[in-house]
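Geometric and topological summary
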Amino acid sequence: MANEIPDLVAQARAGTGKGAARAARRAGMVPGVVYGGDVDPLAVQIPFNELLKKLKAGKFKSTLWNLKVEGQDDVRVICRDVQRDVVKDLPTHFDLMRLRRNSKINLFIPVEFVNEEAAPGIKKGGVLTVVRSEVELVVTAGEIPEKLVVDLTGKNIGDVIHISEVDLPAGAKPTIDRDFVVANLAAPSGLAAGGDDEAEGEEAAAEE
């Protein structure tokens, strides 16, 4: 399980409809709605600058949030839509969906590589090239892993690590339906160049 789900702080919004939404925008807020979870929709709003900062940070729509609204119980939500101004491309409205513990969602999970000291290829000077530092998985809201762990024990230069070699949480699966590469262990360019020089030296000695 993830140790910490980021907070998304919002305010309850009085009234619904276009008039109430325009009033929220005039006050420097972005209006939104929280729906799902077998309860009534809740009109909320988030300060424009706060929402814009989170949007610019990336992956707003693929992050599980802990929604905090004064007077309401905290609830896990995921963003289903952010409407933007067609000219300025700035947020004008957002939709959040409440999640049950058994809800399936897409999230990016970070990848951690361990036991480098037990990888012969790294001891020989090999370089670990990380192709994917995080992987998008379909996971259950109540069983979200903090990270995926890749064990480098026994890995040699030239080895390629595919997603099929990574232990995934029960019920989780990648969103990409193929055995993609997560990382590989490559020879350093200096080592390859050195090998070529040595070979040329040996050939010259043989000719003499």
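This section reports on the structure supplied with the text. (Residues numbered from 1 in each chain as written. Predicted model: local features only at pLDDT ≥ 70, side-chain atom pairs only at ≥ 80, totals over all residues. Heavy atoms only, no water.)

1. Side note on a positive patch on the surface
A contiguous patch of positive charge on the surface is contributed by Lys18, Arg22, Arg25 and Arg26. The exposure class assigned to arginine 26 is exposed, which follows from its relative accessible area of 67%. (Patch = residues over 30% accessible without salt bridge, like charges linked within 9 Å, V, L, I, M, F, W, Y side chains within 5 Å. Areas by Shrake-Rupley, 256 points an atom, 1.4 Å probe, with all protein chains shown as cover. Salt bridge = Lys/Arg side-chain N within 4 Å of Asp/Glu carboxyl O. Lys, Arg positive; Asp, Glu negative; His and termini not counted. Charge placed at Lys NZ, Arg CZ, Asp CG, Glu CD. Buried < 20%, exposed > 50% of the residue type's maximum accessible area, 1.4 Å probe, protein only.)

2. With respect to helix 1 (residues 18-26)
Those residues of helix 1 that sit buried are Ala20, Ala21 and Ala24. The buried residues of helix 1 all sit within an arc of 100° when viewed along its axis, so they share a single face. When the buried face of helix 1 is taken as reference, the exposed residues oriented beyond 90 degrees from it are Lys18 and Arg26. In this structure, the buried residues of helix 1 make contact with strand 2 (29-35) and strand 3 (42-47). One or two residues past the end of helix 1 sits glycine 28, with phi positive at roughly 80°. (Helix = DSSP H or I, 4+ residues; strand = E, 2+ residues; numbered from the N terminus. Arc of directions from axis to C-beta. Contact = heavy atoms within 4.5 Å.)

3. What to know about the nonpolar core
Within the largest apolar cluster, 25 residues are counted, with the highest numbers of intra-cluster contacts made by Ile105 and Leu107. Sorting the residues of this core by element identifies strand 7 (104-114), strand 9 (134-140), strand 10 (148-151) and strand 13 (181-186) as the ones contributing at least two each. At 5 residues, strand 7 tops the list of elements feeding residues into this core. In this structure, this core is formed jointly by two domains, domain 1 (7-99) and domain 2 (105-189), each of which donates at least three residues. For isoleucine 105, the contacting residues outside a window of four places in its chain are Leu64, Ile78, Leu99, Leu137, Val138, Val139, Ala141 and Ile144. Judged by nonpolar contacts, the second largest core, of 18 residues, contains Leu51, Val69, Val82 and Phe94. (Core = buried A, V, L, I, M, F, W, Y, C linked by side-chain atoms within 4.5 Å. Domains from an automatic or database assignment.)

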